[in-house]
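# Fold and contact review
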Amino acid sequence: MKAMGLGPERYLWALLQAGWEAEAKPELRQRYLAELAETSGQVPPRPADLNWIGMEGRAINALRELGRFDEALARLAKV
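Residues numbered from 1 in each chain as written. Predicted model: local features only at pLDDT ≥ 70, side-chain atom pairs only at ≥ 80, totals over all residues. Heavy atoms only, no water.

## Here's the deal with the side chain of Ser40
With respect to the helices, strands and loops of the structure, Ser40 is situated in helix α2 (residues 26-40). A polar atom in the side chain of Ser40 sits 2.7 Å from the side chain of Arg75. Sequence-distant contacts of Ser40, that is, excluding residues within four places in its chain, are made with Leu12, Glu56, Ala59 and Arg75. (Helix = DSSP H or I, 4+ residues; strand = E, 2+ residues; numbered from the N terminus. Polar contact = N/O pair within 3.5 Å; in protein donor to acceptor, adjacent residues only side chain to side chain. Contact = heavy atoms within 4.5 Å.)

Here it is as C-alpha cells:
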C-alpha cells in the first residue's frame, strides 16, 4: 500500500485490520502491532481530528499489548 502511494491513514487502517485477523498467529500479530505503532508515530499530530485521536489510541494500545508500557505512557501524555 505504501508503494501504491496511498496515504498513511489507509495504510494504518489496513495494519489495524491485519492485526485483528492475525489473532491466531501471535508472532504475525505482534509484527503488525509494532508497525502500526511505529508508522502512526510518523503521522503529524492533529489533536482536533477524531480520526487521528482514535488511531493514536489504537497505537497506544498496540504498544501496551507489546509490553512497551513506557512508550505507551509517553504517547498517551502527548494526546
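## A look at the nonpolar core
The biggest cluster of nonpolar side chains holds 13 residues, and the ones touching the most others in it are Leu12, Leu15, Tyr32, Leu36 and Met55. Sorting the residues of this core by element identifies α1 (8-21), α2 and α3 (50-65) as the ones contributing at least two each. (Core = buried A, V, L, I, M, F, W, Y, C linked by side-chain atoms within 4.5 Å. Buried < 20%, exposed > 50% of the residue type's maximum accessible area, 1.4 Å probe, protein only.)

## A closer look at a nonpolar patch on the surface
Taken together, the side chains of Leu50, Ile53 and Val79 define a hydrophobic patch exposed on the protein surface, amounting to about 280 Å² of accessible area. Among the structural elements, Val79 can be located in the segment after α4 (69-78). On the basis of relative accessible area, Val79 is assigned to the partly exposed category, the value being 46%. (Patch = residues over 30% accessible without salt bridge, like charges linked within 9 Å, V, L, I, M, F, W, Y side chains within 5 Å. Areas by Shrake-Rupley, 256 points an atom, 1.4 Å probe, with all protein chains shown as cover. Salt bridge = Lys/Arg side-chain N within 4 Å of Asp/Glu carboxyl O.)

## Concerning α2
With 15 residues, α2 ought to run about 21 Å at 1.5 Å a step, and its terminal C-alpha atoms sit 21 Å apart, in line with that. Every buried residue belonging to α2 is among Arg29, Tyr32, Leu33, Ala34, Leu36, Ala37, Thr39 and Ser40, and all of these are buried. Turning to α2, the residues buried within the fold contact α1, α3 and α4. (Expected span 1.5 Å × (residues − 1).)

## Let's talk about the confidence of the model for the protein
Scored by pLDDT, the protein has a mean of 92; 95% of the residues are at 70 or more. Within the protein, α1 has the poorest average pLDDT of any element, 90, and α4 the best, 96. (pLDDT = per-residue confidence, 0-100.)

## Quick look at the side chain of Glu56
Looking at the element boundaries, Glu56 is found in helix α3. You can call Glu56 buried: its relative accessible area is 7%. A distance of 2.6 Å separates the side chain of Glu56 from the side chain of Arg75, its partner in a polar contact. The residues contacting Glu56, other than those within four sequence positions of it, are Ser40, Arg75 and Val79.

## Overview of the packing of α2 against α3
One way to put it is that α2 packs onto α3 with a least axis distance of 9 Å and a crossing angle of 135°. Viewed along their axes, α2 and α3 adopt a mutual orientation that is oblique. Crossing handedness for the pair α2 and α3: left-handed. From α2, Arg29, Leu33, Leu36, Ala37 and Ser40 reach across to α3, where they touch Met55, Glu56, Arg58, Ala59, Ala62, Leu63 and Glu65. A class-by-class count of the residues in the contact of α2 with α3 yields seven nonpolar, one polar and four charged. (Axes fitted to C-alpha atoms, helices over the stretch in contact; angles between N-to-C directions. Parallel < 35°, antiparallel > 145°, perpendicular 65-115°, else oblique. Left-handed = near helix turned anticlockwise from the far one by under 90°. Nonpolar A, V, L, I, M, F, W, Y, C, P; charged D, E, K, R; others polar.)

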